[in-house]
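Results of the structural survey
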Amino acid sequence: MTTTAFDIRRIGGRIGAELVGVDLSQPLEPALAAEINAALLEHKALVFRGQHLDDERQLRFAALFGELTGAHPTVDSVDGRPNILPVDGGEGIRANHWHTDVTFVRTPPKASTLRSLVVPPYGGNTLIANSQTAYQDLPEALRELADRLWAVHTNDYDYATHSRPSSDAASEHRAKFVSTKYRTAHPVVRVHPESGERGLFIGGFAQSLVGLNSSESRDLLRILQSYVTRPENLLRVVWEPGDVVLFDNRSTQHYAPDDYGELPRRLHRITVAGDVPVGVDGRHSYILEGDEAAHYTPAAA
């Protein structure tokens, strides 16, 4: 068991830190895992350089933070690895939209880990946004409105259907993505279950606002989203092979720009099961269409 202390090197003023001195290839003691979790709550996204893990070690690291989900509610996992989602930029399958992972189910993940296997020599970065500082940036009148709003999240959107498939493989992927349709109502402002902080809980899967028509929903979501993606709220992760990134899915959004042409880019994603989001008024998220996704996350039980 390693007990090596680590250094925290902040990357951005509002989000992101690089943890230096942690060897994720070795088992970590619970006390060290708790310190990493505390750093995650503070910095929202943590970068571990040059770890060069295999699947087993990435699984072991992710499991330090809770039970693991399946790879995805509808998309296939890595062969023989039901908890690992291949993130492959080939065949036109690219998630170049702002989103928070799997918010279309009632119990989205707590955290996501990404491990780089193949990265292009340029481009292919990952942008991560702090949705809690975005909430803090809102004018008081807009914060008070956001506190009362609920959004409908669905997988029948985003890179699943709103991009023209560039290949048969991409078309097949998108058909799988929407093979079971999910619609869930979440609070627009989520109270973080560990820190108690408030943050905007929207992103690409949030398609409408409860009680408002489509035009009103689009306008309000666009305004709120513009605060999330302000430059001061962003971290840009420039990947090198072997890097690992851990981010809090309850307080961030992320985006993978499609800016690397036909070059290969391959990551593995493992997510940690989360709880049911809670709004400012204490109400919990609820299902509008689909099921509890118990096949995907143990939190649904």
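Residues numbered from 1 in each chain as written. Predicted model: local features only at pLDDT ≥ 70, side-chain atom pairs only at ≥ 80, totals over all residues. Heavy atoms only, no water.

As named in an unreviewed UniProt entry, the protein chain is TauD/TfdA family dioxygenase, taken from Streptomyces tardus. UniProt, in its Sequence similarities (unreviewed entry) section for the protein chain, records the words "Belongs to the TfdA dioxygenase family." (UniProt positions renumbered as here; feature names shortened; annotations may be inferred.)

Notes on the nonpolar core
Judged by nonpolar contacts, the single largest core of 25 residues is most densely connected at L24, I36, L46, F48, F61 and L246. If you list the elements that add at least two residues to this core, you get β2 (17-20), α1 (30-43), β3 (45-48), α2 (55-62), β13 (244-248) and β15 (266-272). Residue contributions to this core peak at 4 residues, all from α1. When residues no more than four places from it in sequence are discounted, the contact partners of L246 are I36, L40, K44, A45, L46, F48, F61, F65, A111, S112 and T113. Of all hydrophobic cores here, the second largest spans 21 residues; its members include A134, A151, A206 and L221. (Core = buried A, V, L, I, M, F, W, Y, C linked by side-chain atoms within 4.5 Å. Buried < 20%, exposed > 50% of the residue type's maximum accessible area, 1.4 Å probe, protein only. Helix = DSSP H or I, 4+ residues; strand = E, 2+ residues; numbered from the N terminus. Contact = heavy atoms within 4.5 Å.)

Some words on the packing of helix α4 (residues 140-148) against helix α6 (residues 214-228)
Between α4 and α6, whose axes approach to 12 Å, the crossing angle comes to 115°. The crossing of α4 and α6 is left-handed. Contacts between α4 and α6 pair L142, L145 and A146 from the former with L220, I223, L224 and Y227 from the latter. Residues that form the contact of α4 with α6 fall into these classes: 7 nonpolar, no polar and no charged. (Axes fitted to C-alpha atoms, helices over the stretch in contact; angles between N-to-C directions. Left-handed = near helix turned anticlockwise from the far one by under 90°. Nonpolar A, V, L, I, M, F, W, Y, C, P; charged D, E, K, R; others polar.)

Some remarks on the pattern of salt bridges
Across all of its chains, the model carries 20 salt bridges by this definition. For E56, the salt bridge is made with R81, and the minimal N-O distance between the two is 2.5 Å. Placement of the pair is E56 in helix α2 and R81 in the loop between α2 and β4 (85-88), with a sequence separation of 25 residues. Overall, the relative accessible area of 45% leaves E56 in the partly exposed class. (Salt bridge = Lys/Arg side-chain N within 4 Å of Asp/Glu carboxyl O.)

A look at the sheet that holds strand β6 (residues 126-130)
Strand order in the open sheet made by the 3 strands is β12-β6-β14, with antiparallel pairing throughout. Looking at the sheet topology across the chains shown, the edges are occupied by β12 (234-237) and β14 (252-255). Taken over all neighbouring pairs, the strand axes of this sheet differ in orientation by 20° on average, direction set aside. By the bridge criterion, 4 bridges tie β6 to β14 in an arrangement that is antiparallel. Residue A129 lies in a different strand from β14, and its bridge partner there is Q253. (Pairing = 2+ DSSP bridges.)

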